[in-house]
Amino acid sequence: MSDRAAGRGGPPQTREMQRNLIAARDEQITRVVAVVDALADRSTADALIAPLRPRLQQLRPPRPIRLARLLFLPLDPLIVPAPRWRPGDPLVPRTALTPLAEIVRSAAGVAVARVEASLAGIVCGDTQAVADAGALLWPAAARALADAAPPQGWSESGLKATEFAPIARGVAGVLENAAAVRRMVAEARQGLAVRPEIIDTVLEAATRRGPEAWNLTFAVLLARLPDAAPLLQRVAAHAARGTDPASRARAERGAEAVLDGLERHGPGGPVGDAELASVGAEVRRIAALLEAIDGPGATQQRRRRVQELRHALDASSRTRFEEGLASAFVAPLREQLEAAGPIDVPGLEDAARRLREIETAGRRIGSAKAYDTLLRGTAQEVMRLDERPGLSLADKVRMVEVLAGPDEAMAMLGVS
Amino acid sequence: MSIANMPLVQSYHPTTFLERGVAVPFTTPLLGGARARPAERGGPELLVPSPSGGRGVYILAWSGVREMCRPTVHDSRLNHKVTALASVTPYSIRKAAREVAAEGLAGQEALVAAQAGRDTEQEETLLTNFLLLLGLVEQMEPGETYGSGLQPEEKSVLEARAKRAIARMAPRVGRSPEVIAAMLEEMAPVFAAIGVGRQTAHARCTRALDTLRRLHAETTAWSQMHRDESGAQADMISRVAEMTISCTETTLDEAHALTVNMAGMLARWASEAPAIRKLTVRPEWLLDGWEQISLLWHSAETDAARRAVLAEMALLVPIIPREASDWVGMPIDMDGAMRFRRTVTLNEDWRTGSAVFELIARNEHLRALAA
């Protein structure tokens, strides 16, 4: 059975198991994923858990990082089920990953052995350890893939032989610059401005690897950077100066592909699958991306698509906010009050902060009144709570401060 | 009034430590690095680093701060306490900050830490009182020395020796034994921060100095490994840290020397208490502001986070006033060290957008670590 076939649902036994998994409880899913993570060859098992990916994004079980996951981590936002992939798309079909990983294993054995030894005990969330291991693996893998021939069994991927080289070259281009891109994105997420010279270095290196590499690298940057504007400005500058005249057209195609991807969101909208803690950052990133690709030269059709996506993002953000407020703040607070046990004030404060991050990002694209109403209503509910052991006036003041702001909280202390 | 219309002092070179002001541990991100100092017209004023990350400071009353940003409840309360202070010193600001944190307004973690910090300080003061007395006893009646754990019989022997030592000391300074005992109690909080005798290795200032030495070593290493903007920032921090360490060591030695001759110091205390106080607080003035910088550095767990905090730390580095040259008896080339201070390029959202909630939580966590 090819994975492309598996992507369509696979044989009846597989479909039955997938149905069972979809109905499983969170802890059961976590156990299944742990078993899959421990398999040496997980290609078939991967297909089995494919329908769970959105739920796994929410559950975020601590998953050990294995070689294949580390190898393709830089391409994560571009990996799609094989049926969604078309030649020339700035995307990577999931069925190509196993054969590509095999090439790296056999061609870069020494580096792979060192990296595998360093991965013991590391989980995906160990940011620095993952970055250190990746910095060893990715350049070696890029060299192994750049000029590789299709491996035996490539047809098992369901992809054509002629599709191998462009995919391998593109992946090699991204991996070659993965450490630099990761660092750039990490710094941008920490509040540091993206340095134009770093963008230039990355794009120039990708250009040398060919158009596939440039397309995938550009798409990765669009998908990862908290603000795409500096990237688009550099691409426009290169095109205007003639240093890379084709880059503007490639960037346009990349932007179209990004819009395609955003339009394919699930029922929860563009941020429907993100875990609550990252919804705010994701709303901010997508909003900045839409603004950046809706520049002065945008066509009417582009404008319409961007506008529709903004509406979808607004609705998705508001929905996640409403759900989060109910499930992560109001419900736990009420349950803890009813149980008459200790109140997890730090936990509630943390949830309130996550919600304010969503609200701050979300109100920039719309629904400001809806956010204000919900936050004020919840803050008033907190103000009305009776103080008791484990819930002091200071605790209430702090929760109100996060939810509604310091002025409202100061008023509780009798200070304006 | 917008920030653009506020009085920005571009060239800020305080002559004295009092003019530099004391670091106030506000939790509002835009108030990071703010300092309080006595205003000419009475009451304190605040010096707030330029929020853009550029050079210069704003000199503001609290009303000006409220036009610049929305301070947290914790900060409003802390400012209220600072305004009521009779004198602005590192000790008085630390005490005020601890009291506000103990109200729970910087979160439960900071509340618990503030209570523990207050208890520790009380214990340290008691211990200092004991060690000052012990120093006097050992000087007046040389003989047996005492370890940290006294047996009951040793305690009664020591009490008797202490009474005799104070009785012999009293006529020398023309005071009653009760007054001598009271003087030792007065001295205890003055010397607690720098420590006395065997306590010096664990005293607040020694701990802070050790932390600064570690920061110096790590920022030096970073500056040597990274030849970029972050390396230049680390280099500047390392240079100023090195000068601060050197000055602090000198002033600590000078202050510790006072307690070597306890009899002499008691004699001086009667007439020179204010001057002795000034000598003992110099290390605290020198170290003021570095705790937050060290905590920021040690809170960063990844290289990206370290680069980000280096940019923030570079804005907070305390300028060493010219007064320090008089204290240590040598010139201090502050301009040379700060020459490499760079204007930091920060994203618009930094400290004001969605990140503000995370930064407040981080600052509250640092408050807990600092208490």
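Remember, it's a predicted structure, so these values are computed and weren't measured experimentally.

About the cut-offs
- Residues numbered from 1 in each chain as written.
- Chains lettered and ligands numbered in written order.
- Predicted model: local features only at pLDDT ≥ 70, side-chain atom pairs only at ≥ 80, totals over all residues.
- Helix = DSSP H or I, 4+ residues; strand = E, 2+ residues; numbered from the N terminus.
- Buried ≥ 20, exposed ≤ 12 C-beta atoms within 10 Å, placed from the backbone.
- Contact = placed C-beta atoms within 7 Å.
- Rg over C-alpha atoms; globule rule 2.2 N^0.38 Å.
- Nonpolar A, V, L, I, M, F, W, Y, C, P; charged D, E, K, R; others polar.
- Pairing = 2+ DSSP bridges.
- Core = buried A, V, L, I, M, F, W, Y, C linked by C-beta atoms within 7 Å.
- Expected span 1.5 Å × (residues − 1).
- pLDDT = per-residue confidence, 0-100.
- Bend = angle between axes of the 7 residues up to and from the residue.

### Description of the overall build of chain B
- Regarding its fold elements, chain B presents 15 helices and 5 strands.
- Taking all 371 residues of chain B together, 45% fall into the buried category.
- Restricting to contacts in chain B with at least 6 residues of sequence separation, those with at least 24 account for 69%.

### Topic: the overall build of chain A
- Helix and strand counts for chain A come out as 21 helices and 2 strands.
- Relative to the compact-globule value of 22 Å for 416 residues, chain A shows a C-alpha radius of gyration of 24 Å, a close match.
- On the principal axes, the C-alpha backbone points of chain A span a range of 75 × 55 × 40 Å.
- Within the span of chain A, comprising 416 residues, buried residues form 40% of the whole.
- When contacts within chain A are restricted to residue pairs at least 6 apart in sequence, long-range pairs at least 24 apart make up 72% of them.

### Overview of the interface of chain B and chain A
- Contacts between chain B and chain A engage 29 residues on the former and 30 residues on the latter.
- Mapped onto the side of chain B that touches chain A, the elements with two or more residues apiece are α3 (73–83), α12 (303–316) and α15 (355–370) of chain B.
- Grouping the amino acids of the side of chain B that touches chain A by side-chain chemistry returns 12 nonpolar, 10 polar and 7 charged.

### Regarding the pairing of strand β4 (residues 44–49) of chain B
Residues and elements named next belong to chain B.
- Burial within β4 is extensive, with 5 of its 6 residues counted as buried.
- Relative to β4, strand β3 (residues 35–38) runs antiparallel, the two being bridged by 4 bridges. Note on β4: the bridge partner recorded for P38 is P44.
- Counting the residues that bridge the hairpin from β3 to β4 gives 5 residues, and of these G42 lies at a positive phi of roughly 95°.

### Notes on the nonpolar core
- Grouped together as the largest cluster of nonpolar side chains are 203 residues, with contacts concentrated most on A141, L145 and V171 of chain A together with L132 of chain B.
- With 11 residues, the single largest contributor to this core is helix α5 (residues 108–140) of chain B.
- In this view, L145 of chain A contacts L100, I103, V104, A168, V171 and A172 of chain A; residues no more than four positions away in its chain are not counted.

### With respect to helix α10 (residues 164–176) of chain A
Residue and element names in this part refer to chain A.
- Relative to the 18 Å expected for 13 residues at 1.5 Å per residue, α10 spans 18 Å between its end C-alpha atoms, a close match to the ideal helical length.
- Looking at α10, one finds that the buried residues are F164, I167, A168, R169, G170, V171, A172, G173, V174, L175 and E176.
- Buried positions along α10 lie against β2 (92–93), α7 (97–107), α9 (127–146), α11 (178–189), α12 (196–209) and α13 (211–224).

### Points about the environment of L131 of chain B
Residues and elements named next belong to chain B.
- Structurally, L131 is set in helix α5.
- With 60 residues separating them in the primary sequence, L131 and F191 have C-alpha atoms 10 Å apart.
- Excluding anything up to four places from it in sequence, L131 contacts V196, G197 and Q199.

### Regarding the confidence of the model for chain B
- In the predicted model, chain B carries a mean pLDDT of 88, and 89% of its residues have values of at least 70.
- For this predicted complex, the interface score ipTM comes out at 0.87, alongside a pTM of 0.85.

### Re the environment of I276 of chain B
All names here are of chain B.
- Examined against the element boundaries, I276 turns out to sit in helix α10 (residues 262–287).
- Overall, I276 belongs to the partly exposed group, with 18 C-beta atoms counted inside 10 Å.
- The spacing of I276 and A61 is 215 residues in sequence and 33 Å in space, taken between C-alpha atoms.
- Sequence-distant contacts of I276, that is, excluding residues within four places in its chain, are made with L258, R268 and W269.

### So, unusual backbone geometry
Residue and element names in this part refer to chain A.
- At A340, a position not held by glycine, the phi torsion is positive, near 55°.
- Its place among the elements puts A340 in the loop between α17 (300–339) and α18 (345–362).
- For S367, which is not glycine, the phi dihedral falls at a positive 60°.
- Tracing the sequence through the fold places S367 in the loop between α18 and α19 (368–384).
- By the C-beta count within 10 Å, which is 18 here, S367 ends up partly exposed.

### Regarding α9 of chain A
All names here are of chain A.
- Its 20 residues give α9 an end-to-end C-alpha distance of 27 Å, which sits within 8% of 28 Å, the value for a rise of 1.5 Å per residue.
- Helix geometry: α9 is bent most strongly at G134, by close to 35°.
- Those residues of α9 not exposed but buried are V130, A133, G134, L137, W138, A141, A142, A144 and L145.
- Tucked inside the fold, the buried residues of α9 contact α6 (67–72), α7, α8 (109–118), α10 and α11.

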